[in-house]
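So the chains spell out like this:
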Amino acid sequence: MRIFTVCFFLVYHIAGSTYGQMAALQPAVPDNVPEYPLVLYRSATKEVQNLYNGRLYYIYDSREEEHQFFVDRKYEKGAVFYDGQRYDSIPMMYDIVRDELVIKHINGFEPILLQSPKVRFFTIYNHNYLNLKSGNDINPDMQTGFYDLIYNGKTKTLARRIKQRQEKINERKVIALFPQKNFFYIYSNGKYNSVHTRKSVTRLFPGQKSELRKALREQNIKFRKDRERAIVTMVARYDELTKQ
């Protein structure tokens, strides 16, 4: 009975933590563990192993000041829905150049590359990224990949973030640069519409044109200087004006 109690407590702890990162590798299970706790143990361990069975990822240009990742080159804890299972508090980085999600291995050393088709969504730096398919979830002319859901109201708004590696020569030394571009899409009239200027946003909602401009003035937002915030503000005001 004592062996059963100890083993069952261990299995319960592991099963409860499969939505987050395991603190350490689990010890081998004794042969005399009862069948039901053993099934739980194997199920929980399988799910965690499934997250960490990707191939190793090499952080290229690691010595350059600029980098290929979203926000920072350091790991940031977030959530990921991977291969039908959600995991929380996972250290991760989003490689914008390759449009791939990298996580920190359970042993704390090797970066692991997740298989993008198995990633349904992930959350990092309070941004929610969705894996959307061209011609299915989004327009046929939009590329399959991860899109940042920057506004999740009635009129959904997406951001597609892209970095391209560039090189420059400085004192005979090759320096890698990673300039970032953001493309924005507002869902209206049954499709996602690309927007880049204030006019392109108001063109989608001509009946509320003056009110949308007023929303920017009220918050002292300059469209060209803070395009993303301006778009979200205008779309949110439109939803507020047209709610039923």
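If you're wondering where the values come from, they're calculated on a predicted model, not measured in any experiment.

Chemist: Describe helix H4 (residues 209–218), listing the residues and the values that go with them.
Modeler: Listed in full, the buried residues belonging to H4 are Leu212, Ala215 and Leu216. Along the long axis of H4, the arc covered by the buried residues comes to 95°, so they all point the same way. Looking at H4, the residues exposed on the side facing more than 90 degrees away from the buried face are Ser210 and Arg217. Elements in contact with the buried residues of H4: helix H3 (198–202) and helix H5 (227–242). Of the residues flanking the end of H4, it is Asn220, one or two places downstream, whose phi is positive at about 55°.

Chemist: Go over the side chain of Thr155 with me, naming the residues and quoting the values.
Modeler: Within the secondary structure, Thr155 sits in the loop between strand S8 (145–151) and strand S9 (157–163). Setting aside anything within four residues of it in sequence, one finds Thr155 in contact with Ile186, Tyr187, Phe205, Val235, Tyr238 and Asp239.

Chemist: Talk me through unusual backbone geometry; I want residue IDs and the actual numbers.
Modeler: Of note in the backbone geometry, Asp83 takes a positive phi value of approximately 50° without being a glycine. Assignment of secondary structure puts Asp83 in the loop between strand S2 (76–82) and strand S3 (85–95). On the basis of relative accessible area, Asp83 is assigned to the partly exposed category, the value being 39%.

Chemist: Before we move on, can you summarise the sheet that holds S2 with the specific residues and values?
Modeler: If you trace the 11 strands from one edge of the open sheet to the other, you get S1-S5-S4-S3-S2-S6-S7-S8-S9-S12-S13, paired in antiparallel fashion. On the outer flanks of this sheet lie strand S1 (55–56) and strand S13 (191–195), each paired with one strand and no other. Strand direction decides the pairing type here: S2 and S3, joined by six bridges, are antiparallel. Each residue of the ladder has a partner; that of Glu76, found in S3, is Met92. Helix-sheet contacts for H5 involve strand S7 (127–132), S8, S9, strand S12 (180–188) and S13, and the interaxial angle to S8 is about 60°.

Chemist: Can you lay out the confidence of the model for the protein for me, pointing to particular residues and giving the numbers?
Modeler: Interpretation of this model should avoid reading the predicted coordinates in detail wherever pLDDT is low. Of the residues in the protein, 80% have a pLDDT of 70 or more, and the chain-wide mean is 84. Low pLDDT (under 50) marks residues 1–33, which in the prediction has 43 contacts with non-local residues, meaning those over four places away or in another chain.

Chemist: Let's hear about the environment of Val119: which residues, and what values?
Modeler: Inspection of the secondary structure puts Val119 in strand S6 (residues 119–124). For Val119 and Tyr82, which are 37 residues apart along the polypeptide, the C-alpha to C-alpha distance reads 4.6 Å. Once residues lying within four places of it in the same chain are set aside, the contact partners of Val119 are Val80, Phe81, Tyr82, Leu101, Leu114, Asn131 and Phe146.

Chemist: So what about the pairing of S3? Which residues, and what values?
Modeler: Where a strand is regular, its side chains alternate between the two sheet faces. The buried fraction of S3 is high, at eight of 11 residues. From the end of S2 to the start of S3, which pair antiparallel, there are two residues, and Asp83 there has a positive phi angle of about 50°. Examined bridge by bridge, S3 and strand S4 (residues 100–104) share four bridges and lie antiparallel to one another. Bridge pairing links Tyr94 to Leu101 in S4. Hairpin connection from S3 to S4: four residues lie between these consecutive antiparallel strands, with Asp99 at a positive phi of about 55°.

Reading the values: the criteria
- Residues numbered from 1 in each chain as written.
- Predicted model: local features only at pLDDT ≥ 70, side-chain atom pairs only at ≥ 80, totals over all residues.
- Heavy atoms only, no water.
- Buried < 20%, exposed > 50% of the residue type's maximum accessible area, 1.4 Å probe, protein only.
- Helix = DSSP H or I, 4+ residues; strand = E, 2+ residues; numbered from the N terminus.
- Arc of directions from axis to C-beta.
- Contact = heavy atoms within 4.5 Å.
- Pairing = 2+ DSSP bridges.
- Axes fitted to C-alpha atoms, helices over the stretch in contact; angles between N-to-C directions.
- pLDDT = per-residue confidence, 0-100.

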